[in-house]
Amino acid sequence: MRKRNSKDLLTRATGRFYTHEFIGRRLADVVVRTAQLEGRRSVSVIDPFCGDGRLIGWFLEAVSKRDGARPRMWSVELWDCDAAALDTARKRVLETAAQLGVEVEVETVLGDTFAHAPSRFGEFVVCLTNPPWELLKPDRRELDQLDEDVAREYVAQLRQQSSRLVEYYPLSAPRRRYAGWGMNLARAGTEVALRLTANDGVCGVVSPASLLADQMSESLRRWVFEEYVVHDIAYYVAEAKLFDEVDQPSVTLVVSPGVTSHSPTMLVVHDRALRGKEVRFSEQEWHSLRSDGYVFPLQFGPELLGLRSKWDNLPSFADLEGESQDDLWAGRELDETGHRRFLGDKGDYLFVKGRMVSRFRMCEAPSQYVNRDGPRIPSSADHYRLAWRDISRPNQRRRIQAAIVPPGMVTGNSLHVAYFRDDDLERLKALLAVMNSFVFEAQVRMRLATAHVSLGVVRKARVPPLNDRGLTAELAQLVARCEKGDEEALTTVEVRVAQLYGLSHEDFALLLSAFEKVEEEEKRALLTSPAWRCPSVGSQQLAR
Ligand SMILES: C[S@@+](CC[C@H](N)C(=O)[O-])C[C@H]1O[C@@H](n2cnc3c(N)ncnc32)[C@H](O)[C@@H]1O
């Protein structure tokens, strides 16, 4: 076996997943439709991470299918750090041009695009690319296979590259870097592509969908949506399996420099069979997206954006938190790492793990105690708390799994907890009813980009006011029945909470349609519940 050197690893660490033909051809078509090519004699085109040159090949084919005057000459630049790929790319572009009878000049640049791009910013009329998708960091398993010197050289090269990226592309730098690592090359690559584009040019990029959904990419998103005109956004679900070795959802963007036109951008959502569905944003929905850091609900419910006006004026979960007697405290309790060390048969507090908590009840009774000489027990463990699982994968039927944990138990950090400082158990149960509801879950899912139901995302969800005693008593009674698995109560509580949010029967049907894993029978039971015919105490209260 050929011994790996630091350069091989650098290539691996910087990624190589070529674009699927469907995505690439659609992107090239939109770029051609958007670019103003008429009247130009010669047009400069670049793929700064060209791989085998497929995107530029498809672009030339898309141009040749267009009617109207075309530029006489294409001046194409292909950049990549992989010499073999670059060679293939040059041949491919020249062959495509020859077949189409198009005149091209091709220049290739071998090296690190991130380093030499700044001297060429703003030069290209068309920029089309799919940057590498990795996080820049050394892989421990690979380091272990290397000679010490090679490993040191490799880490030093990566570190140098990482610092350079943070300096050149601050918008793409993560807010927190773990041990100095974590630069996301897809973000930095998108920034490179946009900056290479001329003021009168057009840029088309392929990226992991997280670019439009995670909190880390917020600064980059603001820059893109506020300094560029976004002509087209396409989303491809992970199930479409468009990349050979990665099973990730992806997006494409077509943008051009300039101030936002204010007209909302359209999103085309492609399902697993690559059928595209257009989602148009109203001014109000676009405003709501903008004020939320342009987090697109891609993985769940783009069609639910319109419902946000129902709850956007309600207080958020974070608004319930505070220092006063009747305020909420939220956080985590014990670090679970190495928990075997501090658990035993005796102690004052039973230890609760994430898997013991399910919707409305604890599905497994804790049996081990935290040793008396173990970690310090936080004072929250002496309160009735609402606890929800941190890890809960997107493909689960319900992602929010929350229940009440009594005093005398302490939770590990696979659970988040919250309690009212005045120990108002009735209000806590009412909050549990809200939190376990479809409406709350839909809000959270629209923001989740990972397998974690983080406190940060929960804090942003809106909650109907829970100050009315009649209302909290009604919800608490329903919760008590839900805790015993009472099916009728489980249905009624959903309807009551939906009504509290001000959702009509029709709104709720739309909301439920986004929950693909929930069986039709359950949806039917929810929509035909007699609870729709009698408004709850709380909704009467709200209506007054
Ligand atoms: C995701 S592939 C895309 C290739 C091609 N544009 C496509 O759409 O199929 C990313 C390419 O970027 C190249 N690459 C990764 N890091 C690079 C760097 N720092 N400088 C230049 N090219 C790089 C890889 O070799 C790979 O060919």
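Rules behind the numbers
Residues numbered from 1 in each chain as written. Predicted model: local features only at pLDDT ≥ 70, side-chain atom pairs only at ≥ 80, totals over all residues. Heavy atoms only, no water. Domains from an automatic or database assignment. Contact = heavy atoms within 4.5 Å. Buried area = accessible area lost by both parts, 1.4 Å probe. Pairing = 2+ DSSP bridges. Helix = DSSP H or I, 4+ residues; strand = E, 2+ residues; numbered from the N terminus. Axes fitted to C-alpha atoms, helices over the stretch in contact; angles between N-to-C directions. Near = heavy atom within 4 Å. Polar contact = N/O pair within 3.5 Å; in protein donor to acceptor, adjacent residues only side chain to side chain. Areas by Shrake-Rupley, 256 points an atom, 1.4 Å probe, with all protein chains shown as cover. Nonpolar A, V, L, I, M, F, W, Y, C, P; charged D, E, K, R; others polar.

Before going further, it helps to examine the domain arrangement of the protein chain. Domain annotation of the protein chain identifies domain 1 (6–299) and domain 2 (317–543). Computed from C-alpha atoms alone, the centre-to-centre distance between domain 1 and domain 2 is 40 Å. Across the boundary between the two partners, domain 1 contributes eight residues, which contact five residues of domain 2. Summed over both partners, the interface of domain 1 with domain 2 comes to about 580 Å²; 49% of that surface belongs to carbon and sulfur atoms.

Here we take up the sheet that holds strand 17 (residues 402–405). Reading across the sheet, the four strands line up as 12-19-16-17 and stay open at both edges, with antiparallel pairing between neighbours. Each edge of the open sheet is held by one strand with a lone partner, namely strand 12 (328–331) and strand 17. Adjacent strand axes in the sheet meet at a mean angle of 25°, parallel and antiparallel pairs treated alike.

Taken in spatial order, the nine strands line up as 3-2-1-4-7-9-8-10-11 in an open sheet, and their pairing is mixed. A single partner strand is all that each edge strand has here, and the edge strands are strand 3 (103–110) and strand 11 (276–280). Geometrically, the sheet is characterised by an average inter-axis angle of 15° between neighbouring strands, direction not taken into account. Summarising the sheet, strand 10 (residues 266–270) and strand 11 pair through five bridges and their orientation is antiparallel. Bridging across to strand 11, Leu267 finds its partner in Val279. Helix 9 (residues 218–227) rests against strand 8 (228–236) and strand 9 (250–257) of the sheet, and its axis sits at about 125° to strand 8.

Let's shift gears to the site of the ligand. What surrounds the ligand is a group of 22 residues, the closest being Thr19, Phe49, Asp80, Asp112 and Thr113. Contact between the ligand and Cys50: a nitrogen atom at 3.4 Å from a main-chain N or O atom of the residue. At a separation of 2.8 Å, a nitrogen atom of the ligand approaches a polar side-chain atom of Asp112. Expressed as a share of its isolated accessible area of 600 Å², the protein-covered part of the ligand is 99%. Where the shell around the ligand is concerned, the elements lending two or more residues are helix 3 (54–65) and helix 5 (113–116). Residues belonging to the shell around the ligand are distributed by class as follows: nine nonpolar, eight polar and five charged.

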